[in-house]
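The lines below spell out each chain.
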Amino acid sequence: MDASKMQFVGTGEGIGMGETAVLKVTTDACDACEGVHDDESLAYGPAALHALADGLFARGWMDASAAAFEDDRAAIVRLARGIGWNEDSIEPFETAALGDMQAFIRESFVAGMPHAVLPIESLYTMRGYDGETSAKNLRTYLNEPARHMSVVLSDLAVEAPEAFKSMPDHLTIELEVFCLFVEAGNASAAARFAADHLSWIAGYRARLLGVRAATGIDRRLSEQARESCATGAAFADAALSLIEAYLEASLAEAGMPS
């Protein structure tokens, strides 16, 4: 998937959720968090989140060049080091090759594959935004999280790419919206959005660990494919952990609850 297709369209005039600010979309990691915190290391966050949103979760790395993948990897590792991860924690990012990530994405993020675990919030939560868990909030496409995300996007006056119109609560879209708030310097909106739409990542991460185990014994795959999937799964697990760590650190720096 071409990265250019991941750009939001629209005026971007509305900040949504009762906040007022002017959205400024930027890929400059050093300016991205201006107004949110003073820690330069945390300013690397949006660049890393954009790389993961577009490359990993939106499957952009399936068509990426080796050079583009290395650029994304560098942004991710820069954030991990910036927030204090040790070399053992960073190792999954540095050992995975582009081919490993493509093998993992093919098995995990393509609908219909035996071990697919699509990163869509509606599939991993039964909580409604009234705080209730009930039969009406079953884990299905276009459930309450998707409907709420549609409202958020409308309030922001932006439109998701065509490929995501039927799944506005895809993790790619949610990470990009979080970055919009951060890049706009709107910490309170970022905090509320993270609470509303990114708390499911921990449960999703657990599901991915199950996929890692399943692909490791899947005789449908060659030994090399199983090894590549395991390496890619380790990268994805570390990526989700990094996202959680960045959310917690950036919101704490801004004096907001995570």
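Residues numbered from 1 in each chain as written. Predicted model: local features only at pLDDT ≥ 70, side-chain atom pairs only at ≥ 80, totals over all residues. Heavy atoms only, no water.

J.: A description of the packing of helix 2 (residues 66-82) against helix 3 (residues 87-95) should follow, citing residues and the corresponding values.
T.: When two helices pack together, their arrangement is captured by the angle between the axes and the distance separating the axes. At a minimum axis distance of 10 Å, the contact between helix 2 and helix 3 shows a crossing angle of 175°. What the angle tells us is that helix 2 and helix 3 run roughly antiparallel. Between helix 2, through R73, I76, V77, A80 and R81, and helix 3, the contact on the second element is made entirely by E87, I90, F93, E94 and T95. Classifying every residue of the contact of helix 2 with helix 3 by side-chain character gives five nonpolar, one polar and four charged. (Axes fitted to C-alpha atoms, helices over the stretch in contact; angles between N-to-C directions. Helix = DSSP H or I, 4+ residues; strand = E, 2+ residues; numbered from the N terminus. Parallel < 35°, antiparallel > 145°, perpendicular 65-115°, else oblique. Contact = heavy atoms within 4.5 Å. Nonpolar A, V, L, I, M, F, W, Y, C, P; charged D, E, K, R; others polar.)

J.: How would you summarise the nonpolar core if you had to cite specific residues and measurements?
T.: Counting 68 residues, the largest nonpolar core has L56, W61, F93 and F178 as the members making the most contacts within it. At eleven residues, helix 9 (residues 223-253) tops the list of elements feeding residues into this core. Ignoring anything within four residues of it in the chain, the contact list for L56 reads A51, W61, M101, F104, I105, F109, A236 and A239. (Core = buried A, V, L, I, M, F, W, Y, C linked by side-chain atoms within 4.5 Å. Buried < 20%, exposed > 50% of the residue type's maximum accessible area, 1.4 Å probe, protein only.)

J.: So what about the pattern of salt bridges? Which residues, and what values?
T.: Counted under the stated rule, the structure contains ten salt bridges. Two residues, E94 and R81, come together in a salt bridge whose shortest N-O distance is 3.1 Å. Here E94, found in helix 3, pairs with R81, found in helix 2; they are 13 residues apart in sequence, far enough to count as distant. For K165, the salt bridge goes to E159, with nearest N and O atoms at 2.6 Å. (Salt bridge = Lys/Arg side-chain N within 4 Å of Asp/Glu carboxyl O.)

J.: Go over the side chain of S108 with me, naming the residues and quoting the values.
T.: Structurally, the position occupied by S108 is in helix 4 (residues 98-108). A relative accessible area of 0% means that S108 is categorised as buried. Not counting the four nearest positions on each side in its chain, S108 is found in contact with H115, A116, V117, L118 and V211.

J.: Tell me about helix 5 (residues 144-156), and please be specific about residues and values.
T.: Between its terminal C-alpha atoms helix 5 stretches 18 Å, which fits the 18 Å expected from 13 residues at 1.5 Å a residue. Of all the residues in helix 5, the buried ones are P145, A146, M149, V152, L153 and L156. For helix 5, the buried positions fall inside an angular range of 115° around the axis, keeping them on one side. Contacts from the buried residues of helix 5 go to strand 2 (158-159), helix 6 (171-183) and helix 7 (187-197). Downstream of helix 5 by one or two residues, A157 has phi in the positive range, about 60°. (Expected span 1.5 Å × (residues − 1). Arc of directions from axis to C-beta.)

J.: Please set out unusual backbone geometry residue by residue, giving values where relevant.
T.: Phi is mostly negative for residues that are not glycine, and the peptide bonds are mostly trans. A positive phi angle, close to 70°, is found at R59, a residue other than glycine. Along the chain, R59 turns up in the loop between helix 1 (45-57) and helix 2. Positive phi outside glycine occurs at A157, with the angle close to 60°. Considering the arrangement of structural elements, one finds A157 in the loop between helix 5 and strand 2. Look at A157 and you get partly exposed, because its relative accessible area is 27%.

J.: Talk me through the side chain of S122; I want residue IDs and the actual numbers.
T.: Assignment of secondary structure puts S122 in the loop between helix 4 and helix 5. One polar contact links the side chain of S122 to the main-chain amide nitrogen of N143, over a distance of 3.2 Å. (Polar contact = N/O pair within 3.5 Å; in protein donor to acceptor, adjacent residues only side chain to side chain.)

J.: Break down the packing of helix 2 against helix 9 for me, citing the residues and quoting the values.
T.: Axis separation between helix 2 and helix 9 bottoms out at 11 Å; the angle between their running directions is 50°. By the criterion of interaxial angle, the relationship of helix 2 to helix 9 is oblique. In the crossing of helix 2 with helix 9, the sense of the turn from one axis to the other is left-handed. Residues I76, L79 and A80 of helix 2 lie in contact with helix 9, whose contacting residues are F235, L242 and Y246. In terms of residue class, the contact of helix 2 with helix 9 is built from six nonpolar, no polar and no charged. (Left-handed = near helix turned anticlockwise from the far one by under 90°.)

J.: Please set out the environment of L251 residue by residue, giving values where relevant.
T.: By secondary structure assignment, the location of L251 is in helix 9. When the C-alpha positions of L251 and A190 are compared, they lie 8.0 Å apart, and in sequence the two are 61 residues distant.

J.: So, the packing of aromatic side chains: which residues are in play, and what are the values?
T.: A complete count under the given rule lists eleven aromatic pairs for this structure. Ring centres of F181 and F193 lie 5.9 Å apart, and the angle between their planes is 50°; this geometry places the pair in the tilted category. Remark: F193 occurs in helix 7 and F181 occurs in helix 6; sequence separation between them is twelve residues. On the basis of relative accessible area, F181 is assigned to the buried category, the value being 0%. Three or more aromatic residues link up through ring pairs in this structure, and these residues are W61, F69, W85, F93 and F235. For the cation-ring pair, R78 lies above Y44, with the distance from its terminal atom to the ring centre recorded as 5.3 Å. (Phe/Tyr/Trp six-rings, centres within 6.5 Å; stacked < 30°, edge-to-face > 60°. Lys NZ or Arg CZ within 6 Å of the ring centre and 35° of its normal.)

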